[in-house]
Every structure is written in structure tokens, then in C-alpha cells.
Amino acid sequence: MQIAKTIAEMKALRMKSFGSVGFVPTMGYLHDGHLALVKQARAENSVVVASIFVNPTQFGPAEDFRTYPRDTERDLAMLEKERADIVFMPSAEEMYPERFSSWVEVEKVTDRLEGSCRPGHFKGVATIVAKLFNIVEPTRAYFGQKDAQQALVIKKMATDLNMNLEVIVAPTVRESDGLAMSSRNVYLNPQERQAAAVLFKALTLAQNLREKGEKNAERIRQEMTSLISKEPLAKIEYVSIADAQTLEELSELDRPALASLAVKIGKTRLIDNMVLE
Ligand code: AMP
């Protein structure tokens, strides 16, 4: 496994790569959700590139950029075990030099949910992913359904800007009680960790109601909200039943819908989602 710490090193390794290149961008502190993406990239490509970069521009001023968990040695050991070929770990100084002034903004699909709770977040995400795509030049790039809105934003960006790659979205990997794996789960103390299962419970409730024939989206939102409200450590930011493509809130479930939510458990903000077919 080769490690590229500069853009020039990454580009040099890319020049020497033959066949298809599968790319998995991450912010590190890897878990089985990330590794599932690496496994899929490994199965589908000749060369696998993973990146580790905690992107400062996608964090708001009051968010956890400084405290975001980091453990490069452990990450590299995990990537080596999954047979990644190249790990790109650039510095923030090189990715955002002084006088950096070009940004990618994806409109509309970023207006809601995470976009409205975290102003500027998707501008940071789209810009860093566009930069990484230009540096790595992947054939296929892998993202998790865990961040459903992010996956839609990246797909839209790649289509609208005619990027020459395929965006692949892989299922959410969960803990045994259903909690979606996340680097941020490490912030949870034991009581909070137990309480965090309420996100999955609420999504499962939505899915059950849908399966039983419930068509009224507001009814589903209300049931989810009432279930989460019973958990004293949980504070809802949003509960959404939206069109799975546009993320516009639905009143009637007459098309594929995305049930999604953001909930604070203590100080930790968690998100999760499920597609309601
Ligand atoms: P992050 O390091 O949190 O930026 O995530 C890097 C990539 O891994 C993103 O495409 C995420 O959507 C994906 N990812 C994070 N958690 C999970 C999970 N539990 N299951 C599947 N993919 C995930």
C-alpha cells in the first residue's frame, strides 16, 4: 500500500495506475461502514484509492472540526488489511492554500435537511469531493447511503458538471441494535449509546407503518416524533418524509420516499435514514 501525502505524489501514483480506479473518500477514524465501501471498490476495480482528509470547509464554526476523532495509524492498518493500493492523505494547507477562492455549489437538493441545519456544509463537501475527483481521477467513486443527501448532492454534481466517473452508493452498515456506524459514535457515553438506538427504532417504525399501507406522511412523521420524544436524552433537529430524489417533503406517500432524521443525543448530533418503497 502506498501513501501519498501531497497532491503531486497522488498524481504520480495515478499516472502509474492501470485499469479501473475505485475511490473511497473518507474523513478517517474508519469503521465497518467505510470498510464495506473499500471492499466493494476492491471487488469492482483494478486499483483502489482511499483518502483520509478531515475537510475543514464542511464544518460550521460551532461544529466539531477540532475534536473530530483521528487515528491515522489504525486507519492505515485497516486499509492495508482491505488491500487498498493507495491512501491519499493531503494537508489542509495544500488543499486550501492562501487565496483559495473557487467553490462548487449544488442548488435545490441542498436547500433542505442537512443543508438547512448546517449552512455551507454541502458547499464544503461538493468542493472537496470535486477537488479529490480531479486529483485522483477515479473510474468509480463510492459513497454511503448513511449520508443520503450527500450521495444525492455528489451524484447531481457529477452529472451536472459532466464528471467522467460513476458514483456508486452502498447500503448503510449498522451496529447490532441498528445504530448506523459513524465515526462520531465514539462521542457517546454508555447511556447515550443506548439512547442512540432510538433513531433506528423511529425509522423502523416508519417502514412498518408504510408496509401496513399508511400513505399519510404527516402521520408517519408524528409517530416517529412521538417515539423519539419518549427518549429523555434525545433532542430532534428534524424528522422528514421526503421525495427520495428531490428531498421535497411529501404529504402523501405516492412515490419512493426517504425517511430521514437528525437527532442530538446529549451533545452528539446523529443522522440516519431509510428508503420507504
Ligand atoms: P465520513 O468519513 O463520515 O465522511 O464517511 C466517508 C464515507 O463513508 C461516506 O461516503 C459515508 O456516507 C460513508 N459511511 C459512513 N458511515 C457509513 C455507514 N454506517 N455505512 C455505510 N457507509 C458509511
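The shown structure was predicted, so the numbers you read here are calculated from the model rather than taken from an experiment. (Residues numbered from 1 in each chain as written. Predicted model: local features only at pLDDT ≥ 70, side-chain atom pairs only at ≥ 80, totals over all residues. Heavy atoms only, no water.)

**So, the pattern of salt bridges**
Any two side chains of opposite charge can pair, on the condition that their charged atoms come close.
In step 1: In the structure shown here, the tally under the stated rule is 16 salt bridges.
In step 2: Here Asp 177 makes a salt bridge to Arg 193, at a shortest N to O gap of 2.8 Å. Taken as a pair, Asp 177 in the loop between strand 6 (166-170) and helix 8 (190-195) and Arg 193 in helix 8 lie far apart in primary sequence, 16 residues in all.
In step 3: Arg 219 serves as the salt-bridge partner of Glu 214, at 2.5 Å between the closest nitrogen and oxygen.
In step 4: Each of the salt bridges in this network shares a partner with another, and the network as a whole consists of Glu 114, Glu 237 and Arg 269. (Salt bridge = Lys/Arg side-chain N within 4 Å of Asp/Glu carboxyl O. Helix = DSSP H or I, 4+ residues; strand = E, 2+ residues; numbered from the N terminus.)

**Section: helix 2 (residues 32-44)**
In step 1: The terminal C-alpha atoms of helix 2, which comprises 13 residues, lie 18 Å apart, in line with the 18 Å expected from a rise of 1.5 Å per residue.
In step 2: Residues of helix 2 that are buried in the fold lie against strand 2 (21-26), strand 3 (47-52), helix 3 (72-81), strand 5 (140-144) and strand 6. (Expected span 1.5 Å × (residues − 1). Contact = heavy atoms within 4.5 Å.)

**Regarding the domain arrangement of the chain**
In step 1: Along its sequence, the chain is organised into domain 1 (2-170) and domain 2 (183-272).
In step 2: If you average the C-alpha positions of domain 1 and of domain 2, the two centres end up 26 Å apart.
In step 3: Taken residue by residue, the interface counts 21 residues in domain 1 and 18 residues in domain 2.
In step 4: Roughly 1,600 Å² is buried in total at the junction of domain 1 and domain 2, and carbon and sulfur atoms are behind 56% of that figure. (Domains from an automatic or database assignment. Buried area = accessible area lost by both parts, 1.4 Å probe.)

**Some thoughts on the site of the ligand**
In step 1: Among the 17 residues in the neighbourhood of the ligand, the closest are listed as Met 27, His 34, Asp 147, Val 173 and Met 181.
In step 2: In this structure, Asp 147 approaches the ligand through a side-chain N or O atom, which is 2.6 Å from an oxygen atom.
In step 3: Separating a nitrogen atom of the ligand from a backbone N or O atom of Met 181 is a distance of 2.9 Å.
In step 4: Burial of the ligand by the protein amounts to 93% of the accessible area it has alone, namely 480 Å².
In step 5: Secondary structure elements with two or more residues in the shell around the ligand: strand 2, helix 2 and strand 5.
In step 6: The element that contributes the greatest number of residues to the shell around the ligand is helix 2, accounting for three residues. (Near = heavy atom within 4 Å. Polar contact = N/O pair within 3.5 Å; in protein donor to acceptor, adjacent residues only side chain to side chain. Areas by Shrake-Rupley, 256 points an atom, 1.4 Å probe, with all protein chains shown as cover.)

**Here we look at unusual backbone geometry**
In step 1: One non-glycine residue, Lys 108, lies in positive phi territory at about 65 degrees.
In step 2: Mapped onto the elements of the fold, Lys 108 is located in the loop between helix 4 (92-95) and helix 5 (113-117).
In step 3: For Lys 108, a relative accessible area of 65% corresponds to the exposed category.
In step 4: One non-glycine residue, Leu 113, adopts positive backbone phi at about 45 degrees.
In step 5: On the accessibility criterion, Leu 113 (9% relative accessible area) is buried. (Buried < 20%, exposed > 50% of the residue type's maximum accessible area, 1.4 Å probe, protein only.)

**Here we look at the packing of aromatic side chains**
In step 1: A full pass over the atoms with the stated rule returns eight aromatic pairs.
In step 2: Taken together, a centroid distance of 6.2 Å and an interplanar angle of 20 degrees make the contact between Tyr 96 and Trp 103 stacked.
In step 3: Ring geometry for Phe 100 versus Trp 103: centroids 5.2 Å apart, planes at 85 degrees, classification edge-to-face.
In step 4: Note on Phe 100: relative accessible area 23%, which makes it partly exposed.
In step 5: Owing to a relative accessible area of 37%, Trp 103 belongs among the partly exposed residues under this scheme.
In step 6: Among the aromatic residues, those joined into a ring-pair cluster are Phe 53, Tyr 96, Phe 100 and Trp 103.
In step 7: Here the basic side chain of Arg 70 rests over the ring of Phe 65, its NZ or CZ set 5.2 Å away from the ring centre.
In step 8: Between the NZ or CZ atom of Lys 123 and the centre of the ring of Trp 103, over which it lies, the distance is 5.0 Å. (Phe/Tyr/Trp six-rings, centres within 6.5 Å; stacked < 30°, edge-to-face > 60°. Lys NZ or Arg CZ within 6 Å of the ring centre and 35° of its normal.)

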